[in-house]
Amino acid sequence: MATYPVDITSHSGMAGADRPVVRHIGLPDLLDALRLGWEDFKAVPSHAIVLCVIYPIIGIVLARIALGYSVLPLLFPVAAGFALIGPFAALGLYELSYRRELGQEASAWHAFGVLRAPSFGSMLGLGGLLLVIFFVWVAVAHAIYVSTFGNTPAAAIPDFFTQVFATSEGWRMIMIGVGVGFLFAAVALCISIVSFPLMLHQHADMSDAMLTSMRVVAKNPIAAAEWGLIVAVLLTLGSIPFFLGLTIVMPLLGHATWHLYRKAIESPLTSSAHEPPETEKEKRYAADFPSVLLPPYGRKHRFFDSSD
């Protein structure tokens, strides 16, 4: 695998010559990424409870809120919105796949190592942007419903389905909603398809990661569209049984996204820079007592140079 110099700083970002090399990928690469993601999920299944049970809980809570406020039409936009915020929600899963590829131990608790990543602030920034896109999408979807049926809510789920699927207005709303939703999904895909794994692995900043993701989509438009379709289908299947299927779908897609990044971006697999280094404990001798109790014993090299 070819290597390239990486010079990433908080001010200058990636220089033109140091930009990651984007590969051509196809459907076989996407399917292999899913296979490798499934292998990661099987190898570390316990993290599904720790990290991913939150997703069906969020889905159920949001659904209950929607029902409580008599805005049943928001259920589908909320479910579809998982595709927008999913790349950010899977941060810990990228860390686990990263560790497994390095041959290191990977358990549920190692997922929280992502919090020590040098580019974690950039990850939060892009995650915030995806959340904004999600809330704008929900607001737009609600506006489409109101413009079609007015402010009168459906009394019950059967009435709602009859209203949507048995009337010409309902089908018009579906067509408009699907078209607008596609635009939101395309924007989110373009800016995040490999952004979070890139920030984790190479410590890229937010702008560099987004630009690299857009380069991946521009070089592989068909593969990117196929990936978006795969994500949409899997999330739909996972959302059907009260969002409980997301406990499998979300970790699968999270791990697979890491492997998709590894296939789309040409880069050496360097060790994780945010893991705390293992240090040897300094030997203490009985003859040094009681000076060992007083700082800065054993740490003089941290405060004084050889001339002191």
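Residues numbered from 1 in each chain as written. Predicted model: local features only at pLDDT ≥ 70, side-chain atom pairs only at ≥ 80, totals over all residues. Heavy atoms only, no water.

Novice: I tried to follow the overall build of the protein chain on my own but got confused; where do I start?
Specialist: Scanning the protein chain from terminus to terminus reveals 14 helices and two strands. Taking all 308 residues of the protein chain together, 42% fall into the buried category. Looking at the protein chain alone, contacts between residues at least 24 apart form 75% of all its contacts between residues at least 6 apart. A total accessible area of about 16400 Å² is found for the protein chain, and carbon and sulfur atoms account for 68% of it. (Helix = DSSP H or I, 4+ residues; strand = E, 2+ residues; numbered from the N terminus. Buried < 20%, exposed > 50% of the residue type's maximum accessible area, 1.4 Å probe, protein only. Contact = heavy atoms within 4.5 Å. Areas by Shrake-Rupley, 256 points an atom, 1.4 Å probe, with all protein chains shown as cover.)

Novice: Can you walk me through helix H13 (residues 246-264) in this structure?
Specialist: Taking 1.5 Å of rise per residue, the 19 residues of H13 would be expected to cover 27 Å, and the 25 Å separating its terminal C-alpha atoms lies within 8% of that figure. A large share of H13 lies buried, amounting to 16 of its 19 residues. (Expected span 1.5 Å × (residues − 1).)

Novice: Even after reading the chapter, I still don't get unusual backbone geometry, so can you show me in this structure?
Specialist: The residue His203 is not glycine, and still its phi comes out positive at about 60 degrees. Considering the arrangement of structural elements, one finds His203 in the loop between helix H10 (195-202) and helix H11 (206-219).

Novice: What am I meant to see in the pattern of salt bridges here?
Specialist: Once the charged atoms of two side chains with opposite charge are near each other, the side chains can pair. In the structure shown here, the tally under the stated rule is five salt bridges. A salt bridge links Lys42 to Glu39, with the shortest nitrogen-to-oxygen separation between them at 3.5 Å. Of this pair, Lys42 and Glu39 are both found in helix H1 (residues 27-43), three residues apart, which corresponds to roughly one turn of the helix. A relative accessible area of 34% places Glu39 in the partly exposed class. Of the charged contacts in the structure, one is a salt bridge between Arg100 and Asp40, with a shortest N-O distance of 2.3 Å. Separated by 60 residues along the polypeptide, Arg100 in helix H6 (residues 91-102) and Asp40 in helix H1 bring together distant segments of the chain. Overlapping salt bridges, with partners in common, bring together Asp32, Arg35 and Lys263 in one network. (Salt bridge = Lys/Arg side-chain N within 4 Å of Asp/Glu carboxyl O.)

Novice: Hey, could you run me through the nonpolar core in this one?
Specialist: It is characteristic of soluble globular proteins that their nonpolar side chains tend to be buried jointly. Core analysis: the biggest nonpolar cluster contains 56 residues, and Met123, Ile193, Phe196, Leu200, Trp227 and Leu235 have the highest contact counts within it. In contact with Leu235, not counting residues within four places along its chain, are Phe82, Ala83, Leu246, Val249, Met250 and Leu253. Within the second largest apolar cluster, six residues are counted, among which are Tyr145, Phe149, Phe160 and Val164. (Core = buried A, V, L, I, M, F, W, Y, C linked by side-chain atoms within 4.5 Å.)

Novice: Please explain helix H7 (residues 120-149) as it appears in this structure.
Specialist: Helical geometry note: an α-helix holds 3.6 residues per turn, so side chains three or four residues apart project in the same direction. Here H7 spans 43 Å end to end across 30 residues, near enough to the 44 Å set by a 1.5 Å rise per residue. A positive backbone phi angle near 85 degrees is found at Gly150, which sits one or two residues after H7.

Novice: I keep staring at the packing of H7 against H10 and nothing clicks. Help me out?
Specialist: How two helices pack is summed up by the angle between their axes together with the distance between the axes. It is at 10 Å that the axes of H7 and H10 come closest, and there the two elements cross at 170 degrees. By the angle between their axes, H7 is roughly antiparallel relative to H10. On H10, the residues touching Ser122, Met123, Leu126, Gly127 and Leu130 of H7 are Ser195, Phe196, Met199 and Leu200. Its residues placed into classes, the contact of H7 with H10 shows six nonpolar, three polar and no charged. (Axes fitted to C-alpha atoms, helices over the stretch in contact; angles between N-to-C directions. Parallel < 35°, antiparallel > 145°, perpendicular 65-115°, else oblique. Nonpolar A, V, L, I, M, F, W, Y, C, P; charged D, E, K, R; others polar.)

Novice: Even after reading the chapter, I still don't get a nonpolar patch on the surface, so can you show me in this structure?
Specialist: On the surface, Leu229, Val233, Leu237 and Ile240 cluster together into a nonpolar patch covering about 410 Å² of accessible area. Secondary-structure assignment places Val233 in helix H12 (residues 221-239). (Patch = residues over 30% accessible without salt bridge, like charges linked within 9 Å, V, L, I, M, F, W, Y side chains within 5 Å.)

Novice: For this particular structure, what's the right way to read the packing of helix H5 (residues 82-89) against H7?
Specialist: Two numbers describe how H5 lies on H7: the axes approach to 9 Å, and their chain directions differ by 165 degrees. In this view, H5 runs roughly antiparallel relative to H7, as classed from their interaxial angle. For the element pair H5 and H7, the recorded crossing hand is left-handed. Only Met123, Leu124, Gly127, Leu130, Leu131, Ile133, Phe134 and Trp137 of H7 make contact with H5, whose side of the interface consists of Leu84, Ile85, Pro87 and Phe88. Here the contact of H5 with H7 is built from residues that sort into 11 nonpolar, one polar and no charged. (Left-handed = near helix turned anticlockwise from the far one by under 90°.)

Novice: I keep staring at the confidence of the model for the protein chain and nothing clicks. Help me out?
Specialist: When the pLDDT values of the protein chain are averaged, the result is 78; 70% of them are 70 or greater. At the low end of the mean pLDDT range in the protein chain sits helix H14 (residues 300-303), at 39; at the high end sits H11, at 96. Here residues 277-282 is modelled with pLDDT under 50, and outside its nearest four sequence neighbours on either side it reaches one contact, counting other chains as well. Under a pLDDT of 50 for its full length, residues 295-308 has, in the predicted model, seven contacts with residues more than four places off or in other chains. (pLDDT = per-residue confidence, 0-100.)

Novice: Whenever I open this one, the packing of aromatic side chains confuses me. Can you help?
Specialist: Between two aromatic rings, the relevant description is the distance of the centres plus the angle of the planes. All told, the structure shown has eight aromatic pairs when counted by the stated rule. Taking 5.4 Å as the distance between ring centres and 50 degrees as the angle between the ring planes, the aromatic pair formed by Trp258 and Tyr261 counts as tilted. Placement of the pair is Trp258 and Tyr261 together in helix H13, with a separation of three residues, close to one helical turn. Ring pairing ties together the aromatic residues Tyr98, Trp258 and Tyr261, which thus form one cluster. (Phe/Tyr/Trp six-rings, centres within 6.5 Å; stacked < 30°, edge-to-face > 60°.)

Novice: Explanation requested: the side chain of Gln202 in the structure shown.
Specialist: If you trace the backbone, Gln202 turns up in helix H10. Classification of Gln202 by relative accessible area gives buried; the value is 8%. Within the structure, Gln202 has its side chain in polar contact with the side chain of Tyr261 (distance 3.1 Å). (Polar contact = N/O pair within 3.5 Å; in protein donor to acceptor, adjacent residues only side chain to side chain.)

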